[in-house]
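Residue-level listing of the chains:
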Amino acid sequence: MHMEIKRVGIVGAGQMGSGIAQVCATAGLDVLLNDRDPARLENGLTVIEGSLARLVSKGTLTEGDSGEARARIVPARDFAALEPCDLVIEAATENEATKREIFSTLCGSLRPETLVATNTSSISITRLAAATDRPEKFIGIHFMNPVPVMQLVELIRGIATEDTTYESAKAFIAKLGKTSTMSEDFPAFIVNRILLPMINEAIYTLYEGVGSVESIDTAMKLGANHPMGPLQLADFIGLDTCLSVMQVLYEGLADSKYRPCPLLVKYVEAGWLGRKAKRGFYDYRGPTPIPTR
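Residues numbered from 1 in each chain as written. Predicted model: local features only at pLDDT ≥ 70, side-chain atom pairs only at ≥ 80, totals over all residues. Heavy atoms only, no water.

As annotated in an unreviewed UniProt entry, the protein carries the name 3-hydroxybutyryl-CoA dehydrogenase and is attributed to Methylobacterium radiotolerans. Checking UniProt for the protein, the heading Sequence similarities (unreviewed entry) contains the comment "Belongs to the 3-hydroxyacyl-CoA dehydrogenase family." (UniProt positions renumbered as here; feature names shortened; annotations may be inferred.)

Caption draft 1: Region of interest: the overall build of the protein. From N to C terminus, the protein includes 11 helices and 10 strands. In terms of overall size, the protein behaves like a compact globule, its C-alpha atoms giving a radius of gyration of 19 Å where 293 residues would be expected to give roughly 19 Å. Its C-alpha atoms give the protein principal-axis dimensions of roughly 55 × 45 × 35 Å. The buried share among the 293 residues of the protein stands at 46%. When contacts within the protein are restricted to residue pairs at least 6 apart in sequence, long-range pairs at least 24 apart make up 66% of them. Working note: accessible area of the protein is about 13,600 Å², and carbon and sulfur atoms make up 54% of it. Averaging the locations of the 30 positively and 35 negatively charged side chains of the protein gives two centres separated by 3 Å. (Helix = DSSP H or I, 4+ residues; strand = E, 2+ residues; numbered from the N terminus. Rg over C-alpha atoms; globule rule 2.2 N^0.38 Å. Buried < 20%, exposed > 50% of the residue type's maximum accessible area, 1.4 Å probe, protein only. Contact = heavy atoms within 4.5 Å. Areas by Shrake-Rupley, 256 points an atom, 1.4 Å probe, with all protein chains shown as cover. Lys, Arg positive; Asp, Glu negative; His and termini not counted. Charge placed at Lys NZ, Arg CZ, Asp CG, Glu CD.)

Caption draft 2: Seen up close, the environment of Thr181. Assignment of secondary structure puts Thr181 in strand S8 (residues 179–183). Considered as a pair, Thr181 and Leu128 are 53 residues apart in the sequence and their alpha carbons are 20 Å apart. Residues in contact with Thr181, not counting those within four places in the same chain, are Leu152, Val153, Glu154, Leu155 and Ile190.

Caption draft 3: Representation of the pairing of strand S5 (residues 115–118). Burial along S5 is two-sided: Leu115 and Ala117 and Val116 and Thr118, pointing in opposite directions, are all buried. Regarding the hand of the β-α-β motif, the stretch spanning strand S4 (residues 87–90), helix H4 (residues 96–106) and S5 is right-handed. Relative to strand S6 (residues 138–143), S5 runs parallel, the two being bridged by three bridges. In the sheet register, Ala117 faces S6, and the bridge partner there is Ile139. (Right-handed = clockwise from strand over helix to strand, strands pointing away. Pairing = 2+ DSSP bridges.)

Caption draft 4: Local environment of unusual backbone geometry. Going from Asn145 to Pro146, the amide bond is cis rather than trans, its omega being -5°. Relative to the helices and strands, Pro146 is located in the loop between S6 and strand S7 (152–157). Backbone geometry places Phe189, a non-glycine residue, at a positive phi of 60°. Secondary-structure assignment places Phe189 in the loop between S8 and helix H7 (191–207).

Caption draft 5: Representation of the pattern of salt bridges within the structure. Within the structure shown, the criterion is met by 16 salt bridges. Asp86 is the partner of Arg111 in a salt bridge, and the nearest nitrogen-oxygen pair spans 3.2 Å. One end of the pair, Arg111, is in the loop between H4 and S5; the other, Asp86, is in the loop between strand S3 (73–76) and S4, and 25 residues separate them in sequence. When its relative accessible area of 23% is taken as the criterion, Arg111 is described as partly exposed. Of the residues examined, Asp86 reaches a relative accessible area of 14% and is grouped as buried. Lys99 is the salt-bridge partner of Glu90, the closest N and O atoms lying 2.5 Å from each other. (Salt bridge = Lys/Arg side-chain N within 4 Å of Asp/Glu carboxyl O.)

Caption draft 6: Examining the sheet that holds S8 more closely. Across the sheet, which stays open at both edges, the eight strands sit in the order S3-S2-S1-S4-S5-S6-S7-S8 with mixed pairing between neighbours. With partners counted over all chains shown, the strands left at the sheet margins are S3 and S8, one partner each. Recorded for the sheet is a direction-independent mean angle of 25° between the axes of neighbouring strands. Relative to S8, S7 runs parallel, the two sharing five bridges. Along S8, the bridge assignment pairs Leu152 with Thr179. (Axes fitted to C-alpha atoms, helices over the stretch in contact; angles between N-to-C directions.)

Caption draft 7: Structural view of the UniProt feature "domain: 3-hydroxyacyl-CoA dehydrogenase NAD binding" (unreviewed entry) in the protein. The UniProt record annotates "domain: 3-hydroxyacyl-CoA dehydrogenase NAD binding" (unreviewed entry) at residues 8–182. As a span, residues 8–182 carries 41% helix and 21% strand, and end to end its C-alpha atoms are 21 Å apart.

Caption draft 8: Fine view of the domain arrangement of the protein. Assigned domains of the protein: these are domain 1 (5–182) and domain 2 (190–289). One C-alpha centre belongs to domain 1, the other to domain 2; they are set 27 Å apart. The interface of domain 1 with domain 2 comprises 11 residues on the first partner and seven residues on the second. At the boundary of domain 1 with domain 2, total buried surface from both sides reaches about 720 Å², with 58% on carbon and sulfur atoms. In terms of surface lost to domain 2, no three residues of domain 1 exceed Ser121, Ser122 and Glu154, which account for 45% of the buried area on that side. Our count for the contact surface shared by domain 1 and domain 2 stands at zero salt bridges. (Domains from an automatic or database assignment. Buried area = accessible area lost by both parts, 1.4 Å probe.)

Given below as structure tokens:
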């Protein structure tokens, strides 16, 4: 048996949170979008409107469906406003202390039967569940970025996650028209456990002078048929996020093969975090991206 999810709460209106809100609303679900920063909440709603408008201009969504989807997304100014939700997904920054603080405050505002999920890309689901009052109703629902485009969602069960919670999450993902894959609760799950060490290795290849930014990205695009080079992809993900996932892998598995590349650390220290900071392995301040090394 699973619980039917009709109303979804989302905590965090950044890139991931607003993307999740959009796909839920487009699939006919009611959405309550929350962020502790009112400016970020307004910006998230603006981003969703822009994204829906692009789908209309491409002909993948009708004007009417776009308007209905946008009308289903309502701002939730505080956690108390999330009380009617069947499922609440946390999509805040990839920082364990921040996430634990959200869960310990959030759960008191929710009905006992409400499911709680995290969109973390690497942090232990079991540990985060322990910060809630309902570990058996807690699950990892890891959407890929950009959410409206990417087909896959990783579902991660913590040690206490009940079967009904997992089945409800699986049915929810199917309702969004996406494909779910089940991962056990080990550091970085499936996608990032494989993807991030590859990106980290590409950064080592640059750090050791084996190839330039351009030659590494061209080599992997044309030699391995990847749609985007690993350094271009790192800039897209955000170098701070790449570093935090590598740190989770390194600390969680205690294997030297996961040691974050010192050059990645240096870029993050410089604040060159990729596209969002206009500089990373490429400089995005001009009309076309220019490699920075």
